[in-house]
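Chain by chain, the residues run as shown.
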Amino acid sequence: MALKTTIYGWVANVKVLKKIAFVEAITNNDLTYTVIVVKKEQNPELWETAREIELGSAIKASGTYPEKSISKRGREFHADDIVVLNSPIDVMPLDPTGKTPAQIDTNLNYRYLALRFPEQRAIFSLRAKVVNACREFFIKNGFLEVHTPKICGAGAEGGATVFTLDYFGRTAFLAQSPQLYKQMLMAGVSRVYEIGPYFRAEKFSTARHLNESWGVDAEIAFIEDAEDVMNVLEKLILYVFDYLQENASKELETLGVSLKKPRSPFKRLSYSEAIEVASSQGSRVKYGEDLDTESEFAIGKAMEEEGYDAYFIYEYPWEIKPFYIMRKGNELSFAFDLDYRGLELASGGQREHRYHELIKNIKDKGLNPESFAFYLEAFKYGMPPHGGFGLGLDRLVMKIVNKKNIREVVLFPRDRQRLVP
Ligand code: AMO
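Each value, and the rule that gives it
- Residues numbered from 1 in each chain as written.
- Predicted model: local features only at pLDDT ≥ 70, side-chain atom pairs only at ≥ 80, totals over all residues.
- Heavy atoms only, no water.
- Pairing = 2+ DSSP bridges.
- Helix = DSSP H or I, 4+ residues; strand = E, 2+ residues; numbered from the N terminus.
- Contact = heavy atoms within 4.5 Å.
- Axes fitted to C-alpha atoms, helices over the stretch in contact; angles between N-to-C directions.
- Phe/Tyr/Trp six-rings, centres within 6.5 Å; stacked < 30°, edge-to-face > 60°.
- Buried < 20%, exposed > 50% of the residue type's maximum accessible area, 1.4 Å probe, protein only.
- Parallel < 35°, antiparallel > 145°, perpendicular 65-115°, else oblique.
- Left-handed = near helix turned anticlockwise from the far one by under 90°.
- Salt bridge = Lys/Arg side-chain N within 4 Å of Asp/Glu carboxyl O.

A. Local environment of the sheet that holds strand S10 (residues 191–199). The strand order across the open sheet formed by 8 strands is S6-S10-S11-S18-S17-S16-S13-S12, and the pairing between neighbours is mixed. Looking along the sheet, the strands with just one partner apiece sit at the ends: strand S6 (144–145) and strand S12 (267–270). Along the sheet, helix H4 (residues 118–140) contacts S6, S10, strand S11 (212–221) and strand S18 (386–392); its crossing angle with S10, the most-contacted strand, is approximately 150°.

Below you can see the structure in the form of structure tokens.
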């Protein structure tokens, strides 16, 4: 005899074929429907209840899983009782059956309802697994997980604009990255990582920018050079791909994604080579400028032709990189980006760890060292050579699941228009 169990979930569809009612419900986290079967001849009252359940209702059903399941839509369940816990009181804004796909805006407004669909659930299940993979990688490699403040009093990195807020009468701002804190920690811990939000007041409205995004940040002390940092980032990316291959086959299958581990070692392209490649593909970017979308895309295409999905661009001109990056000679720097199929996923580099050089860098960027006093203090007491990276979690997931818009992989995205839900 099969064991009696109780299941809970939401009704996605009800079909009545002659004397059998099939209630399709999303009942658990395994990305499949459960098909609750009620036969009229066995239980006429329950059959009546089943066929009248409103789509979208939250239900509880008791019964058994038969040994053999004949349904293609999901695992079969033979109910001897169904209780409707709550029914919709308004028209469902998303088609509960999932047959009529919604516009992205509707999905974003009703994300909690969209999560009842296996495809949507798969994205966020996979996203959670990417985070698990990163954490597992860092733990195995001796990194300490840290949580740095997101409300900051001073020391904006420059570049991206910041959100300011009133902090008991003083001006504070939201952290645009954990950059300064992860570096300060290098005076006492040799490897740290943080997975947390970035806040940027950039007035972009693109498919790959958000005003609140999540970063996977790492910082490593006692490095020899930037290559040490690139190696860790490369291993992390490969680890994520292996992890998903092993632990997310259901999500990948549900999303129709065939995961291709990037060829390694990743290609390393100097900035000047990257400019040449972009120009040869028709991009108008000039030496000394930051790579724009068009040039990133052009480089991505050329790299793909060479068989590389993932590639580093290193040795950027110092002029276009932040003050904390170490210079290489007068013009160049030890900064790098990691791009994947034409999209920047991460930036990083070796940092300037020498107090006086760092002050000079700050001044050279037109910033005031006094605003960075708390940060500079950490460089007075035996700060080792160090470097690190910030990897955009949303962008990484977006690329893995092949979505064109970053909002599709963020539960409740924050962009210039969206502040609720
Ligand atoms: P950067 O500013 O390049 O570097 O940010 C690192 C990575 O974070 C992601 N990212 C974003 N994703 C979506 N929307 C945004 N507005 C956004 N901004 C950034 C990108 C990007 O590559 N402190 C350095 C990192 C370091 O040197 O360690 C930094 O923040 O994928």
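Having seen the structure, we can now continue with the description.
B. Molecular detail of the packing of aromatic side chains. Counting across every chain of the model gives 18 aromatic pairs. Seen in terms of ring centroids, Phe323 and Tyr375 are 6.0 Å apart; in terms of plane orientation they differ by 85°. Their pairing is edge-to-face. Of this pair, Phe323 sits in the loop between strand S13 (310–314) and strand S14 (327–328) while Tyr375 sits in helix H11 (residues 373–377), and the two are 52 residues apart along the sequence. With respect to burial, Phe323 and Tyr375 carry one shared label: buried.

C. Geometry of unusual backbone geometry. Pro265 follows Ser264 through a cis peptide bond whose omega is -5°. Take Pro265: it is sitting in the loop between helix H7 (249–255) and S12. In the segment running from Val420 into Pro421, the intervening peptide bond is cis, with an omega of -10°. Mapped onto the fold, Pro421 is located in the segment after helix H12 (393–400).

D. Summary view of the packing of H4 against H12. Between H4 and H12, whose axes approach to 10 Å, the crossing angle comes to 125°. When the interaxial angle is binned, H4 and H12 end up oblique. Crossing hand, H4 versus H12: right-handed. Contact residues: Leu126, Arg127, Val130 and Val131 in H4; Leu393, Asp394, Leu396, Val397 and Ile400 in H12.

E. Looking closely at the pairing of strand S2 (residues 20–26). Among the 7 residues of S2, 5 are classified as buried, and the element is accordingly described as predominantly covered. Here 7 bridges tie strand S1 (residues 5–17) to S2, and the two strands are oriented antiparallel to one another. The partner of Asn13 across the bridge, within S2, is Glu24. Connecting the antiparallel pair S1 and S2 is a turn made up of 2 residues, with Lys18 showing a positive phi of about 50°. Count of turn residues in the S2/strand S3 (residues 33–39) antiparallel hairpin: 6 residues, of which Leu31 carries a positive phi of about 65°.

F. Here's a closer look at the pattern of salt bridges. For the structure on display, the rule yields 27 salt bridges. Asp394 is the salt-bridge partner of Arg127, the closest N and O atoms lying 2.7 Å from each other. Here Asp394 lies in helix H12 and Arg127 lies in helix H4, a separation of 267 residues in the sequence. Accessibility classification places Arg127 together with Asp394 in one group, the buried group. For the salt bridge of Arg351 with Glu219, the shortest nitrogen-to-oxygen distance reads 2.8 Å. Note that Arg351 is positioned in the loop between strand S17 (343–350) and helix H10 (355–364) and Glu219 in strand S11, a separation of 132 residues in sequence. Take Arg351 and Glu219: they sit in the same class, and that class is buried.

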